[in-house]
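Spelled out from the first residue to the last, the chains are:
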Amino acid sequence: MDSLFESLIEIIRRTSAEIPDDVQRAILAALENEKQDTIAKNAMEIIERNIALAKEKSQPLCQDTGSVLFYVDCPVGYDQMEFADTARAAVTEATTRGFLRQNSVDSLTGKNDGTNIGPGAPTFHFHQTRKANVTVRLVLKGGGCENVGAQYSLPNTKLNANRDLDGCRKVILDAVQQAQGKGCGPGILGVCIGGDRATGYELSKTQFLRNLDDENENAELAALETDIHNTANKLGIGPMGFGGNTTLLGVKIRAANRVPASYFVSVSYMCWAFRRHGAVLNEAGEITEWLY
Amino acid sequence: MKQEKSRSGFIKMTELTTPISEEQIRALKVGESVAISGVVYTGRDAVHKYLHEGGELPEGVNLEGSIIYHCGPVVVKDDAGEWKVTAAGPTTSIREEPYQTDIMKKFGVRGVIGKGGMGPKTLAGCAENGGVYLHAIGGAAQVLAEHIAQVHNVYFLEEFGSPEAIWELEVNQFPAVVTMDSHGRSLHAEVAEASQAVLDENL
């Protein structure tokens, strides 16, 4: 499993230090789109410089290296427990090497033992596939943007939101308005319509695994994504909430079935420092292909 | 918001060196870019709660005229055994809203660096006591770490853990924007109000 250990450290390093290409393109477009001589433009210039510097120095893009979320597709019969043990060891080693901050705190005692290992940390989502290879995707999700996520239960009287797509639109835009400034915008939304409270949030986060340039297979959701993206960018919230043209870099929405009594809309917010990478591993645990 | 430009073409920055006087703070206005130099102290959730509950500052920490930086840096020891900050962007400030004004007043803090802005209590405190909120670029941990020249000391490392400790940092031309001033203006409140009005039209 030595190859797997080293491969996982490399996935962590790359995720922490290098922004994915699709996100970088969106950030460059946002930089172009801000007016000269504004603090919004200046903020985007600093962000662009930060992306280059993090990659060059192989150091964390953002000091909050976040919750460590592994999404693993593996063949039937694959030893998931061994993978998890190796991944935990890789997380601790990556912390020692400075790719991750000492970021995991015992919620009861307040102690941070510096290993980034503990109950629920890191988090694993295993999915079986019929393919022979193992695919590992990693998201490092910072606390600032996680704190501005929101879950709405429809109908919502205050927002005049009913149990339909227009109601979804209203609450999602409310989440953007409430998140302003605090979540390190321009941000990306991952949304799940439906599900129970736990799976709604869970599935909203899987939307961050989608490429920003992809198109939703569901035409109604594709239209809603475009509408929310365009409307949010009219609000004038801008980078860092300084005022400006780019409030969101992307919107990704999926739906899940619900029980008749419940209608949840779960919104996860991702900061501009969108850390997500993934790789395909061969049987020896070596990286054969990068995904983003 | 428009920025003044210097002759070099870059946004004009007001130099701010700690310790800072009340007069210097009162001269700052929302929208102004600043370059901060001198000693600043990191302090976030654990430190604010501790001080607000009556905890004492560790010996060697003097917050008079100083700046608190809402930041949990990544700090490693280099080969020579010296602390080195390798990533240091701001954390979200609003979590310190219940404590900030009282701590600024009690210890003579003149400024706070953070992100996302703070609420009405802190804004009123800034006006009353002569304080200012300085917004750094969230997530720009590498650019900002380059402006940290040296780690002078660390306090509460064992008690609170590395991100929550008080790191005494020497900063050099650290860039930030005044988004809440001592004259009652908050860019955050203004943008929130304006964006809500646009949102209402688009619903």
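Residues numbered from 1 in each chain as written. Chains lettered and ligands numbered in written order. Predicted model: local features only at pLDDT ≥ 70, side-chain atom pairs only at ≥ 80, totals over all residues.

### Some thoughts on the interface of chain B and chain A
Stage number 1. Of the residues lining the interface, 43 residues belong to chain B; the matching set on chain A comes to 45 residues.
Stage number 2. When residues of the side of chain B that touches chain A are assigned to their parent elements, the largest contribution, nine residues, is made by helix α7 (residues 187–201) of chain B.
Stage number 3. Per-class residue counts for the side of chain B that touches chain A are 21 nonpolar, 19 polar and three charged. (Contact = placed C-beta atoms within 7 Å. Helix = DSSP H or I, 4+ residues; strand = E, 2+ residues; numbered from the N terminus. Nonpolar A, V, L, I, M, F, W, Y, C, P; charged D, E, K, R; others polar.)

### Some thoughts on the environment of Ala90 of chain A
Stage number 1. Take Ala90 of chain A: it is sitting in helix α4 (residues 80–96).
Stage number 2. In the structure, Ala90 of chain A is positioned 135 residues away from Glu225 of chain A in sequence and 36 Å away in space, judged by C-alpha atoms.

### Structural notes on the domain arrangement of chain A
The figure often quoted for interface size is the accessible area lost as the parts come together.
Residue and element names in this part refer to chain A.
Stage number 1. Entries for chain A in the domain assignment read domain 1 (2–15 + 61–142 + 275–290) and domain 2 (144–270).
Stage number 2. Across the contact, eight residues belong to domain 1 and six residues belong to domain 2.
Stage number 3. At the level of elements, β1 (67–75) and β3 (134–141) are the ones that each hand at least two residues to the side of domain 1 that touches domain 2.
Stage number 4. Of the residues forming the side of domain 1 that touches domain 2, the biggest block, three residues, is contributed by β3. (Domains from an automatic or database assignment.)

### Let's talk about the environment of Ser266 of chain A
Residue and element names in this part refer to chain A.
Stage number 1. Relative to the helices and strands, Ser266 is located in strand β7 (residues 264–270).
Stage number 2. Considered as a pair, Ser266 and Gly185 are 81 residues apart in the sequence and their alpha carbons are 19 Å apart.
Stage number 3. Residues in contact with Ser266, not counting those within four places in the same chain, are Gln151, Val191, Cys192, Gly200, Tyr201 and Ser204.

### What to know about the sheet that holds β1 of chain A
Residues and elements named next belong to chain A.
Stage number 1. The five strands lie next to each other as β2-β1-β3-β8-β9, forming an open sheet whose pairing is mixed. Each edge of the sheet is formed by a strand with only one pairing partner; in this case those strands are β2 (123–129) and β9 (287–290). For this sheet, the mean angle separating the axes of adjacent strands, direction not counted, is 20°.
Stage number 2. Pairing between β3 and strand β8 (residues 275–281): seven bridges, direction antiparallel. Residue pairing across strands places Leu140 opposite Arg275, the latter belonging to β8.
Stage number 3. Across the sheet, helix α1 (residues 2–17) is in contact with β3, β8 and β9; its angle to β8 comes to roughly 155°.
Stage number 4. Here α4 sits on the sheet and contacts β1 and β2; the angle it forms with β1, its principal contact strand, is near 150°. (Pairing = 2+ DSSP bridges. Axes fitted to C-alpha atoms, helices over the stretch in contact; angles between N-to-C directions.)

### Re the packing of α1 of chain A against α4 of chain A
All names here are of chain A.
Stage number 1. As a packed pair, α1 and α4 sit with axes 9 Å apart at the nearest point and diverge in direction by 50°. When the axes of α1 and α4 are compared, the pair comes out oblique. Here α1 runs over α4; the crossing is right-handed. Across the interface between the two elements, Leu4, Phe5, Leu8, Ile9, Ile12 and Arg13 of α1 pack against Thr86, Ala87, Ala89, Ala90, Val91, Glu93 and Ala94 of α4. (Parallel < 35°, antiparallel > 145°, perpendicular 65-115°, else oblique. Left-handed = near helix turned anticlockwise from the far one by under 90°.)

### Structural notes on the sheet that holds strand β6 (residues 248–255) of chain A
All names here are of chain A.
Stage number 1. Strand order in the open sheet made by the four strands is β4-β7-β5-β6, with mixed pairing throughout. For this open sheet the edge positions go to β4 (150–153) and β6, each flanked by a neighbour on one side alone. Going from strand to strand, the sheet's axes swing by 15° on average, the running direction of each strand aside.
Stage number 2. Sheet topology note: the β4/β7 ladder contains four bridges and is antiparallel. If you follow Tyr152 over to β7, its bridge partner there is Val265.

### A few points about unusual backbone geometry
Stage number 1. Residues Ala121 of chain A and Pro122 of chain A are joined by a peptide bond in cis, for which omega reads -5°.
Stage number 2. Relative to the helices and strands, Pro122 of chain A is located in the loop between α4 and β2.
Stage number 3. Here the residue pair Thr18 of chain B and Pro19 of chain B is connected by a cis peptide bond, since its omega of -5° sits within 30 degrees of zero.
Stage number 4. Structurally, the position occupied by Pro19 of chain B is in the loop between β1 (13–17) and α1 (22–26).

### Details of the pairing of strand β9 (residues 166–180) of chain B
All names here are of chain B.
Stage number 1. The buried fraction of β9 amounts to 12 of the 15 residues, a majority that puts the element mostly inside the structure.
Stage number 2. The pairing of strand β2 (residues 33–42) with β9 spans eight bridges and is antiparallel. Counterpart to Ser33 in the pairing with β9 is Val177.
Stage number 3. Sheet topology note: the strand β7 (residues 132–135)/β9 ladder contains three bridges and is antiparallel. (Buried ≥ 20, exposed ≤ 12 C-beta atoms within 10 Å, placed from the backbone.)

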